[in-house]
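Analysis of the macromolecular model
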Amino acid sequence: AAASLAACKGKRKIPDVSKIKVKLSVQRFDRDFFSIDTNNVAASLNKLQQQYPLFINDYLYNILALPPMQDSILPKLKLFIRDYKPVYDSVQKQFPSMEAAEKDMKRTLQFVQYYFPGYKSPSNIVTFIGPLEGYGNVLTGSGFAVGLQMYLGKNFSAYQADFIREVYPDYQSRRFEPAYIPVNCTRNLIDDMYPLNTSGKNLIEQMVELGKRMYILDMLLPETADTLKTGYTANQLKGCYDHEALIWNYFTQNELLYVTDPVMIRDYVNDGPKTTPLGEASPGNIGMFIGWQIVKKWMDKNNVTSLPQLMATPAKQIFEETKYKPR
């Protein structure tokens, strides 16, 4: 219930998008790939090439990072299929169908069309299985590419291996749950529409830029829990709201808002287990939370503003007009 508490703060009406038509289909590349005949890999690959003309190259060279030489690919592919068979089996158990993600993403794409009518949304979800230390979710020319090896539930045994824990510490692997698929797909969509550019921006501007994206995520996933959208635990999120004024005071008293040094900034605007100066219970990326509150306040004041207008408004202007001062 904690997740819904925070959601009631700004009572926004969710627009009715049920009439907006979107096209989205799921392609189970994971199944087609793992049913390759390992005695006849080359012929199987040709068949996959016809089925997935764009995605197959993304998969082989970007996701699996294979060398471009045909003869050195085959043994490596065989090895990958053999080594990842247990992961494949777990994926089939966890995802006999992609119905839930498909339904959520269809609804999200209706909101995308509603708020960004000019944007051409992807029309496929392509599921794949890649290396555990690799990509979980990318936007490709073929559509949303979802690496199901990264959504097997936080207790999945392979995530506990030492080398995986080095790549993905606990605060990240606890998000390896199916419920994060729509959130991560939507994030990629926002980054595609508005690539984040923070060069030369000071901390408060960077925070507001992150807040804008968080606000859009909120609008495109209005029924999704804030914990999923922020990646915070329920306790962390509650702590942020409870201590919003204290967090803000920390930034102002330490004169951090106009800092441009990337080393000083990064603790506040990057994902992490915590924001060290704010204590053990704080989440990482606390700057995103503050930026989000500023943007919400600004949008409430200017309640006619469209989302493209929000993205076009300079962060500095949003901050100055909001006169944000939580108590």
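Scroll up to find the structure this text is about.
1. Section: the side chain of lysine 212
Following the sequence through the fold, lysine 212 ends up in helix 11 (residues 203–220). Lysine 212 sits in the buried class, given a relative accessible area of 1%. Only 3.1 Å separates the side chain of lysine 212 from the backbone oxygen of methionine 311, close enough to count as a polar contact. When residues no more than four places from it in sequence are discounted, the contact partners of lysine 212 are Val295, Leu310, Met311, Thr313, Ala315 and Ile318.

2. Examining the pattern of salt bridges
A full pass over the atoms with the stated rule returns 16 salt bridges. Arginine 107 is the partner of glutamate 223 in a salt bridge, and the nearest nitrogen-oxygen pair spans 2.6 Å. Residue glutamate 223 is located in the loop between helix 11 and helix 12 (226–230), and its partner arginine 107 is located in helix 7 (residues 99–115); the two are separated by 116 residues in the primary sequence. Owing to a relative accessible area of 51%, glutamate 223 belongs among the exposed residues under this scheme. On the basis of relative accessibility, which here comes to 29%, the residue arginine 107 falls in the partly exposed class. A salt bridge links lysine 274 to glutamate 280; its shortest N-O distance comes to 3.7 Å. Residue class for lysine 274 comes out partly exposed when judged on its relative accessible area of 28%. Connected via shared salt-bridge partners are Asp191, Glu209, Lys212 and Arg213.

3. Quick word on a positive patch on the surface
Among the surface-exposed residues, Lys297, Lys301, Lys323, Lys325 and Arg327 lie close enough to one another that they form a single positively charged patch. Along the chain, lysine 325 turns up in the segment after helix 18 (315–322). On the accessibility criterion, lysine 325 (55% relative accessible area) is exposed.

Definitions and cut-offs
- Residues numbered from 1 in each chain as written.
- Predicted model: local features only at pLDDT ≥ 70, side-chain atom pairs only at ≥ 80, totals over all residues.
- Heavy atoms only, no water.
- Helix = DSSP H or I, 4+ residues; strand = E, 2+ residues; numbered from the N terminus.
- Buried < 20%, exposed > 50% of the residue type's maximum accessible area, 1.4 Å probe, protein only.
- Polar contact = N/O pair within 3.5 Å; in protein donor to acceptor, adjacent residues only side chain to side chain.
- Contact = heavy atoms within 4.5 Å.
- Salt bridge = Lys/Arg side-chain N within 4 Å of Asp/Glu carboxyl O.
- Patch = residues over 30% accessible without salt bridge, like charges linked within 9 Å, V, L, I, M, F, W, Y side chains within 5 Å.
- Areas by Shrake-Rupley, 256 points an atom, 1.4 Å probe, with all protein chains shown as cover.
- Lys, Arg positive; Asp, Glu negative; His and termini not counted.
- Charge placed at Lys NZ, Arg CZ, Asp CG, Glu CD.

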